[in-house]
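Overview (structure and organization)
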Amino acid sequence: MTTANFPRLRTSVGKKFLISITGLIFSGFVLSHMAGNMLLLVSAEAYNKYSHALVSNPLIYLAEAVLVIALLTHMALALKLAMENRAARGVKPYRPTNGEKSTNLGSRWMAQTGLLIFVFLVLHLKTFKYGAHYEVTYGGQTMRDIYRVVFEKFHDPLYVAWYEFSLLVLFIHLRHGISSCLQSLGIASSRNPNLQIAGWVFAVLVAGGFAIQPLYLMSLGGQP
Amino acid sequence: MIGKLDSRIPSGPIEDKWTQCKFENKLVAPANRRKHKVLIVGTGLAGASAAASMAEQGYQVKVFTYHDSPRRAHSIAAQGGINAAKNYQNDGDSIRRLFYDTVKGGDFRAREANVYRLAELSVNIIDQCVAQGVPFAREYGGTLTNRSFGGAQVSRTFYARGQTGQQLLIGAYSALMRQVGIGAAELFTRTEMLDLIVIDGKARGIVTRNLVTGKLETHLGDAVVLATGGYGNVFYLSTNAKKSNATAAWRAYKRGALFANPCYTQIHPTCIPVSGDHQSKLTLMSESLRNDGRVWVPKKQGDKRPAAQIPVEERDYFLERIYPSFGNLAPRDIASRAAKRMCDEGRGVGPSGQSVYLDFTDAINRLGAETVAARYDNLFAMYEKITDENPYKVPMRIYPAVHYVMGGLWVDYHLMSNVPGLFVLGEANFSDHGANRLGASALMQGLADGYFVAPYTVGNYIASEKQPVIRDDHEIVRSTLAGVKAANDKLKSIGGKTPAETFHKRLGKIMWDKCGMARTDAGLKQAATEIAALKKDFWNDLLLPGDSSTLNSELEHASRLADFIELGELMCRDALERKESCGGHFREEAQTAEGEAKRDDANFCHVAAWEYQGDGKPALRHQEELKFENVKLAERNYK
Amino acid sequence: MKLHLRVWRQAGPEKPGKFVDYDLDGISPDMSFLEMLDTLNLKLVRQGEEAVEFEHDCREGICGSCSMMIDGNPHGPDRGTATCQLHMRRFADGATIHVEPWRAKPFPIIRDLTVDRSALDRIIAKGGFISVNTGNAPEANTTLIGRDLAEAAFEGAACIGCGACVAACKNASASLFTSAKISHLAKVPQGHPERKHRVQAMVAQMDAEGFGSCSNTGACEAACPKEIKLENIAEMNREWARSFFVRE
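Basis of the calculations
- Residues numbered from 1 in each chain as written.
- Chains lettered and ligands numbered in written order.
- Predicted model: local features only at pLDDT ≥ 70, side-chain atom pairs only at ≥ 80, totals over all residues.
- Helix = DSSP H or I, 4+ residues; strand = E, 2+ residues; numbered from the N terminus.
- Buried ≥ 20, exposed ≤ 12 C-beta atoms within 10 Å, placed from the backbone.
- Contact = placed C-beta atoms within 7 Å.
- Nonpolar A, V, L, I, M, F, W, Y, C, P; charged D, E, K, R; others polar.
- Pairing = 2+ DSSP bridges.
- Axes fitted to C-alpha atoms, helices over the stretch in contact; angles between N-to-C directions.

The next subject is the overall build of chain C. In terms of regular secondary structure, chain C is built from 8 helices and 7 strands. Projected onto its principal axes, the C-alpha coordinates of chain C cover approximately 65 × 35 × 35 Å. Counting over 248 residues, chain C shows a buried share of 64%. Residue pairs in contact within chain C that sit at least 24 positions apart in sequence constitute 72% of those at least 6 positions apart.

Dropping the structure here:
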């Protein structure tokens, strides 16, 4: 997506606006994704039926299109801003680099954490959405047994370690990202204590919610 | 002498003089204004407001500052407030009362007509600043609030916390930058005026130095407006900013402009005392503190007990004792001298014995620490940063320091000097404060001059004069430029061993000791000898590293100091000739039995205006008689 | 006190710069940081060397001239303090102190610790004002402004334009500076008629000068000698969003 036709969106504030809106769209997505995945903790059938309902709804294509556009916009603008920011600042660091007035980690590592999340996302799609295709039948209806794919992966300690690490990165990104989005949209100051708490709560909820899922499945033990 | 010493005060009753003047003024038609160029030097309250207003009117304005931005001008540091005769407090204020207070506060040494106009315009200033968005302090109902200041029995001072000067300057700066943004005014930053170009007896341009590249340039126009501030740094230690200097005014003086009342300096009573030899400047604590702080010293000499251990009955609240009707809000000159007398009697406090207490204990007990904090917290915090003492717990220690100069280039009612086309605004002129300025009146004068006087009177001058076109290759333009270059080269070529800073401190000490709060015939004569010796040493032994084609603060300092030295000589001479005490000028030979200033109206009810006679020759003293038709000349009494 | 200083020396904008080491002795803890540098300069000048060029003027923390990075902190380690108000008692005897200029592309170095901050003036010139010509003003008390609102407007108006926010920011963003002015003028009713134009013009100029964007890190707020809040940036963003939907 280009902002060429929207000169006001081309300003730094405009870009931050778009980054924030797309960021919030994705935040909504990860929250609902996390909530839906809680069905993993209920039963294979519940999870598979939920998953099937999602992918068989034609609106899914619209939702995916929105997410893809949002992702590309978010990343493209963030990278462009990161480059502009680097150019504005120059490369010469101050000595020492971390004085008493320096700031929190999350805020300084948004581009790096964002890129890691992107890498995770690509692998994640490859592993699950485009991963092994098992089938299962409930009451005469055949559908993909996505639960089994998840179950297998979540019993691979290496995979779980990588998964949990990625969630930590997501947590860092969201912790700053949520309050930062709201500040960029002018809703409230990111220094607003309530907003800081909201950022924390959201990041804990999403990352924490996802994090307990593999741990729970692993605790069940056995084979699928 | 160029021009005449004609004050050009309009005829008629004092209330109508300014209206009359504006009516008599010739006008430049809007379409013609863009053909005329006005050069404005300085971007403080007076300069920025004049530049903005004249650019709005449609003149081509070029505006110059030696700072990196117009917003750095030292008006920014004014703390307490700005007076205006709005009578919002319903306490009997009026234009006439502000006029009266200012004339009396100036110890009857200001020109009545100018002061009346200042009082008259004061109300417009507040309106203008509010329209610009200046966040003055307000009541809960949304109206503007006021505080009290020295020398007045009404509450007429408008303020924005302890940063009134900053807020007013940012207002004027914004107005100026708006004109710069649309190309109506051209801004030259890091550009210092080093000479005035006078052709056919009229001010036609200036020579400037680009402080970054060292390049000397000439700028020509129809009129030159100096708004270059005061010369308090002649004392080295003062509340002025480090770069504040007299150079623009002094070079204009050397081109024929008269310098009026150079000896009138204001010593501000509430400054943080000197703590050591390293001290580079003195920090003012706003006069507004005297609204709630009580000034005292121990009754006993040499009482070294901590303040809290001295019982109330052993304290001397000397301002309340000596001046019961004004108390702690006695005018600055009076309060300063009283503090000095206490210290001279051996009752001063602090390690050096050169300070008095400004105590908020009673205010904190009466109002609560929170209310006191709401009023003064930024000042208390500043005090603590500098002294490492908490004024909520121990009384502040204060001592008088050089703060403001009432003297400056002589101007007529139109704020034009005797050199036609040279206008002087704000602290750089001499006109409105007489021998002592009341608190919160400097901001008022700077803005009155810049917003409301100069835009009319400069226009009148331009409309009245048919000016021939002058180009850069004009012989006088070239020779003035060459003169500046020669002067800089001369400084560079001395090749001595002593840095400018050392000479400046030496000059400051002479001035403070002998031409400071108390002056004597013998002391001033002695000072003249010492300054002459200093001048000789300076020109023989100045050490000036670096070159003149880059940013070189040593060169800037040395060049300004050379002028300060000459100005110091003139100040001592003026102080010596004025054999009376008035306002900030206190001659020990002329005092009452109680040690108060004693004027000599029979011989000195005049402005002394000095004319430059050439290098090494004594300046010539002219007099402008002051007539008091609306205020009765009386002994100034604050008891 | 004894000090070991490492001061950035650079002869001109295009010249290479480097840290130069200086030892100072006999520094009083009561000196301000600038008085300590005065002492260094006096020593250098006496040796016939060029003085370290640094910006300073009022030395009361209000003119905004002073601008130096002290051990990686704009204006030194204390919050709410400009360099001129920083005193040597804050440092340990024998300390090594790094002194650097503000570093940002829109702030080219002129010499040593002096940088060109005129970009900030150009942002103001685009909209940091209320368009009222001299003589147009109505009686001051016809515009009523509640006390709290006036105080809130003052918070933004208190900016001294020193550029510490830009220096502190990893993106060299001028958002705090720009937003402080936008916020001040958006709060008072006099500023309302041109709110839309103001925010758009000032934001556009901020970008044109080459300042980076705001990552909401809060480094600017920590560095600001007047403790101007990050909330102002949110308000600027809000003003910017609002500007799409209003007519002036």
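This next bit is on the interface of chain B and chain C. Each partner contributes to the interface: chain B provides 64 residues, whereas chain C provides 69 residues. Partitioning the side of chain B that touches chain C into residue classes produces 25 nonpolar, 23 polar and 16 charged.

Another point: the interface of chain A and chain C. Each partner contributes to the interface: chain A provides 36 residues, whereas chain C provides 43 residues. Among the secondary structure elements, those contributing two or more residues to the side of chain A that touches chain C are α1 (12-37), α3 (59-89), α4 (105-108) and α7 (157-184) of chain A. Each residue belonging to the side of chain A that touches chain C can be placed in one class, and the counts come to 9 nonpolar, 16 polar and 11 charged.

This part covers the sheet that holds strand β6 (residues 191-199) of chain B. Residues and elements named next belong to chain B. Read across the open sheet, the 3 strands follow the order β6-β7-β8; overall the sheet is antiparallel. The open sheet has two edge strands, β6 and β8 (216-220), and neither has a second partner. Across this sheet, the average inter-strand angle for adjacent strands is 30°, counted without regard to direction. The pairing of β6 with strand β7 (residues 202-210) spans 8 bridges and is classified as antiparallel. Bridge pairing in β7 places Ile199 opposite Lys202. Along the sheet face, helix α13 (residues 475-493) touches β6, β7 and β8 and points at about 140° away from the line of β6.

All right, on to the pairing of strand β9 (residues 223-226) of chain B then. Regular strands place side chains that alternate from one sheet face to the opposite one. All names here are of chain B. Burial of the side chains of β9 extends over both faces: Ala223 and Val225 are buried on one face and Val224 and Leu226 on the other. Pairing of β9 with strand β17 (residues 422-424) involves 3 bridges; the strand directions are parallel. Within β17, the residue paired with Val224 across the bridge is Leu422.

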